[in-house]
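Report on the structure
Listed below are the residues making up each chain.
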Amino acid sequence: MLSAEMEWSLESVREMVAGGMQSVRECEICAFAIAMCVLLLFMWYCYRVGREHGTRKHGSLLEEQNGFAFCQSSECFRCTSAGESLNQRLYHSLQEYAKRYTWSGMGRVHKGVRDQGRYLNSRPTIQRPEVFFLPDLPSAPFFSREVQRHDVELLEQSFPALLAEFESIYHQPPARSGSSLPPGWKANSTPRGQWWTYYLVNQGTPLVLNVRRCPRAWRVLGQLRTFIANNVFGNACFSVLTPGALITEHYGPTNVRLRCHLGLRVPPSCELVVGGEPQCWSEGSCLLFDDSFLHRAFHDGNPEDGPRVVFMVDLWHPNVAAAERQALDYIFTPGRLEDREGK
């Protein structure tokens, strides 16, 4: 009888051990499945939080710096290059330039690059360039046409040719079905109305197809002495505001340029406000302004008035010396700073 009890006890122990091991195996599988679910949920949570945080940060940056989020393109230098890393990249590019060429005449550029973060953060709200501030430049919302007399007169003499070329590209049939825009035109975000641009040069890069459609405008650009043709701060385009349109307050990227608007079509009730000072365009005449000042534009006319049209070009600020222009062209060559970021 004792032997039978021993056998029963051993058998029971074996069954208990086997059952326990099976339970452990099942628990391990269950625990592993739970852990995987928790891990997936955690990854999903991190993705959502990071995405929402990035969206809020990017959106608030655009609203704070740009008034209204006109540009949402990853190709835009102004919208993708701000931040502490840009200051480091600027300094490396300046050092490369100085080693290849010279430090002579680089005092203001060196000062601006070295203290860029402080300059951008300490500027008064009326003038706050988003990307680069060159210190000790005379500043004002609007400039006299005399500061760039040659280029202003050349543009005004070219008024009939530029107007005719605008008409030829503006009245083309839509580029594709479902679009109201002719080939080459870009719609920009505005709180109301429509703002369209047709770039020949966008952030220092010519748009070949658009240039081919506008040979006379391209020829005019080639004759300008102070057009910023070789760095990301240079643009040239036809700009259209439809009746009721508003471009809300925003800042340009730098104070080293003057933006020039040649009026091509200017209906009543159109206005440009820079640094709190209002000005009206005039057909056949140029307006020179520093777009690093807070500025906005609007067309409050009636539908029958038609659009406001200007030919816009970026010219060097007259007090940026030739040596400084050469250095800035090198530092802000299209693609240079973006390439460095990836190294």
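All residue numbers refer to positions counted from 1 along the written sequence of the respective chain. Only residues with pLDDT of 70 or above have their local features reported here, since the model is predicted, and side-chain atom pairs are shown and tallied only from 80 upward, although totals for entire chains, interfaces and linings are computed over all residues. Working from all heavy atoms in the structure, the side-chain values ignore hydrogens and water.

Per an unreviewed UniProt entry, the chain goes by Aspartate beta-hydroxylase domain-containing protein 2 and derives from Poecilia latipinna. UniProt positions are given in the numbering used here, feature names are shortened, and annotations may be inferred rather than shown by experiment. The UniProt entry for the chain carries the following comment under Subcellular location (unreviewed entry): "Membrane". Comment text from UniProt for the chain, heading Sequence similarities (unreviewed entry), reads "Belongs to the aspartyl/asparaginyl beta-hydroxylase family."

Here the phi dihedral of Asp136 falls at roughly 65°; this positive angle occurs in a residue that is not glycine. Mapped onto the secondary structure, Asp136 falls in the loop between helix H5 (116–122) and strand S1 (142–143). Numbering of helices and strands runs from the N terminus, with a helix taken as a DSSP run of H or I at least four residues long and a strand as a DSSP run of E at least two residues long.

Right, let's get into the side chain of Arg259. Tracing the backbone through its elements, the reader meets Arg259 in strand S7 (residues 257–265). Within the structure, the side chain of Arg259 is placed 2.8 Å from the side chain of Asp314, a separation counted as a polar contact. By the convention used here, residues are in contact when the closest approach between their heavy atoms is within 4.5 Å. What Arg259 contacts, discounting residues up to four positions off in sequence, is Asn235, Leu287, Leu288, Phe289, Asp291, Met312, Val313 and Asp314. Nitrogen and oxygen atoms within 3.5 Å of one another constitute a polar contact, given that in protein one can donate a hydrogen and the other can accept it, and given that sequence-neighbouring residues count only through two side-chain atoms.

Moving on, we get to helix H10 (residues 322–331). Classification of residues uses two cut-offs on accessible area relative to the type maximum, computed with a 1.4 Å probe and protein chains only: under 20% is buried, over 50% is exposed, and between them is partly exposed. Summarising burial for H10: seven of the 10 residues are buried, a large majority. Of the positions making up H10, those classed as buried are Glu324, Arg325, Ala327, Leu328, Asp329, Tyr330 and Ile331.

Attention now moves to the pairing of strand S10 (residues 286–289). The alternating pattern of S10 places Cys286 and Leu288 and Leu287 and Phe289 on opposite faces, both of which are buried. Any two strands between which DSSP finds at least two bridges are classified as paired. Note: S7 against S10, four bridges, orientation antiparallel. Opposite Arg259, over in S10, you have Phe289 as the bridge partner.

Buried residues dominate strand S5 (residues 236–241), accounting for six of its six residues. Neither face of S5 is left uncovered, since the one carrying Ala236, Phe238 and Val240 and the one carrying Cys237, Ser239 and Leu241 both have all their residues buried. Where strand S3 (residues 195–202) and S5 come together, six bridges link them in antiparallel fashion. Among the inter-strand pairings, Tyr198 is bridged to a residue of S5, identified as Phe238. When S5 meets strand S12 (residues 308–316), the two strands line up antiparallel, connected through six bridges. If you follow Phe238 over to S12, its bridge partner there is Phe311.

This brings us to the packing of aromatic side chains. Two rings belonging to Phe, Tyr or Trp (six-membered ring only in the last case) form a pair when the distance between their centres is within 6.5 Å. Interplanar angles under 30 degrees mark stacking, angles over 60 mark edge-to-face geometry, and anything in between is tilted. For the structure on display, the rule yields 14 aromatic pairs. Ring geometry for Phe238 versus Phe311: centroids 4.9 Å apart, planes at 55°, classification tilted. Of this pair, Phe238 sits in strand S5 while Phe311 sits in strand S12, and the two are 73 residues apart along the sequence. Among the aromatic residues, ring-to-ring pairing joins Phe166, Tyr170, Trp185, Trp196, Tyr198, Phe238 and Phe311 into one connected group.

Pairing within the open sheet is antiparallel, and its four strands lie in the order S6-S11-S8-S9. Of all the strands in the sheet, just strand S6 (246–250) and strand S9 (277–279) have a single pairing partner and so form its edges. Across the sheet, the mean angle separating the axes of adjacent strands is 15° when strand polarity is ignored. Across five bridges, the pairing between strand S8 (residues 270–274) and strand S11 (residues 295–299) is antiparallel. An axis is simply a line fitted to the C-alpha atoms; with a helix, the fit covers only the stretch in contact. Between two such axes, the angle follows the N-to-C directions and lies from 0 to 180 degrees.

What follows is about the environment of Ala161. Turning to its location among the elements, Ala161 is positioned in helix H7 (residues 159–170). Considering only alpha carbons, one finds Ala161 and Val220, 59 residues apart in sequence, at a separation of 9.6 Å.

Turning to the side chain of Ser158, a few remarks are in order. Of note, Ser158 is situated in the loop between helix H6 (149–157) and H7. A relative accessible area of 9% places Ser158 in the buried class. At a separation of 2.8 Å, a polar atom in the side chain of Ser158 contacts the main-chain carbonyl oxygen of Leu154.

This part takes up the pattern of salt bridges. Salt bridges are identified by distance alone: a Lys or Arg side-chain nitrogen within 4 Å of an Asp or Glu carboxyl oxygen. Inspection of the entire model under this criterion finds 14 salt bridges. Linking Glu153 and Arg149 is a salt bridge whose minimum nitrogen-to-oxygen distance equals 3.0 Å. One end of the pair is Glu153 and the other is Arg149, both in helix H6 and four residues apart, which spans about a single turn. Overall, the relative accessible area of 30% leaves Glu153 in the partly exposed class. Notably, a salt bridge pairs Arg257 with Asp314, separated by 3.3 Å at the nearest N-O pair. Taken together, the residues Arg257 in strand S7 and Asp314 in strand S12 connect sequence positions 57 residues apart. Residue class for Asp314 comes out buried when judged on its relative accessible area of 0%.

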